[in-house]
Amino acid sequence: GAFAAEWPLGWLSDQIDRRKVIAATSVAAAVAAFVGTGTDGTYPTIAVMGAVGGLTFPLYPLAVAHVNDHLEPEEMIPAASRLLAIGGVGSMVGPLLVAANMSAVGPAGFFWGLGLASVTLATISVTFMWLGQSLPAGTTRSAYHSLHLTATALATRLHPKTRPRPGSVPPR
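Rules behind the numbers
Residues numbered from 1 in each chain as written. Predicted model: local features only at pLDDT ≥ 70, side-chain atom pairs only at ≥ 80, totals over all residues. Heavy atoms only, no water. pLDDT = per-residue confidence, 0-100. Helix = DSSP H or I, 4+ residues; strand = E, 2+ residues; numbered from the N terminus. Expected span 1.5 Å × (residues − 1). Buried < 20%, exposed > 50% of the residue type's maximum accessible area, 1.4 Å probe, protein only. Contact = heavy atoms within 4.5 Å. Core = buried A, V, L, I, M, F, W, Y, C linked by side-chain atoms within 4.5 Å. Polar contact = N/O pair within 3.5 Å; in protein donor to acceptor, adjacent residues only side chain to side chain. Salt bridge = Lys/Arg side-chain N within 4 Å of Asp/Glu carboxyl O. Phe/Tyr/Trp six-rings, centres within 6.5 Å; stacked < 30°, edge-to-face > 60°.

A. Seen up close, the confidence of the model for the chain. When the pLDDT values of the chain are averaged, the result is 82; 76% of them are 70 or greater. Mean pLDDT values for the elements of the chain range from 56 in helix 7 (residues 153-158) up to 95 in helix 2 (residues 18-36).

B. Summary view of helix 6 (residues 108-131). Between its first and last C-alpha atoms helix 6 spans 34 Å; for 24 residues at 1.5 Å apiece the expected length is 34 Å, and the two agree. Among the residues of helix 6, Ala 108, Gly 109, Phe 111, Gly 113, Gly 115, Ser 118, Ala 122 and Ser 125 are the ones counted as buried. Buried residues in helix 6 make contact with helix 2, helix 3 (42-56) and helix 5 (73-105).

C. Broad picture of the nonpolar core. Formed by Ala 5, Leu 9, Val 21, Ile 22, Leu 59 and Leu 62, the largest nonpolar core amounts to six residues. Within the residue set of this core, elements represented by two or more residues are helix 1 (2-15), helix 2 and helix 4 (59-69). When near neighbours in sequence (up to four residues on either side) are disregarded, Leu 59 contacts Ile 22, Thr 25, Ser 26 and Leu 121. In terms of nonpolar packing, the next biggest core, distinct from the first, is built from five residues, Ala 32, Ala 33, Val 48 and Phe 111 among them.

D. Up close: the side chain of Ser 13. If you trace the backbone, Ser 13 turns up in helix 1. Side-chain polar atoms of Ser 13 contact the side chain of Arg 18, separated by 2.8 Å.

E. Summary view of the pattern of salt bridges. Overall, the coordinates contain three salt bridges when judged by the stated rule. Measuring nitrogen to oxygen at the nearest pair gives 3.1 Å for the salt bridge that ties Asp 14 to Arg 18. The partner of Asp 69 in a salt bridge is Arg 18, and the shortest N-O contact between them spans 2.6 Å. Highlighted residues: Asp 69 in helix 4 and Arg 18 in helix 2, separated in sequence by 51 residues. Of the residues examined, Asp 69 reaches a relative accessible area of 10% and is grouped as buried. Salt bridges linked by common partners bring Asp 14, Arg 18 and Asp 69 together as one network.

F. Region of the structure containing the packing of aromatic side chains. One pass over the full model with this rule turns up two aromatic pairs. Centre to centre, the rings of Phe 34 and Trp 112 are 5.2 Å apart; their planes meet at 50°, and the pair counts as tilted. Placement of the pair is Phe 34 in helix 2 and Trp 112 in helix 6, with a sequence separation of 78 residues. Judged by relative accessible area, which is 28%, Phe 34 ranks as partly exposed. Trp 112 sits in the partly exposed class, given a relative accessible area of 37%. Seen in terms of ring centroids, Phe 110 and Phe 111 are 5.5 Å apart; in terms of plane orientation they differ by 80°. Their pairing is edge-to-face. You can call Phe 110 partly exposed: its relative accessible area is 27%. Under the relative-accessibility criterion, Phe 111 is labelled buried at 5%.

In structure tokens form, the structure reads like this:
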């Protein structure tokens, strides 16, 4: 599910306000999770898990892209380390909370936990849309260009769509 949804959601977030995509994806994930609380049988549960995974896994890259849209290049690495730390805490605490929920409610507690987390994220996203501002008109988003996974550092300098950073040494 995650592989199938990540590219279209990423593309959509490049076209419209990322916060709207994050909020809508969180709401859809919550709906899918709450549907999962009533599933019986292996195949319906697997289908719901695919939908929930497809809608929750892209949320982290969408959040990183949103943060990077508001940062200067030299601020991106420290921000990424903070986001990874926050994600790490969530990766430690989340399973404990869901396990406790499953102990109290049963197997449906897994979906209740994911649904409540998704509702929380959607609420936070909508709140920040209401309180904050989007990118100023005419501002371009982060300029990331897709290169092959085995591309070298030299390839990034030779790529026609990349531009050297101010103060960087041009290739010889």
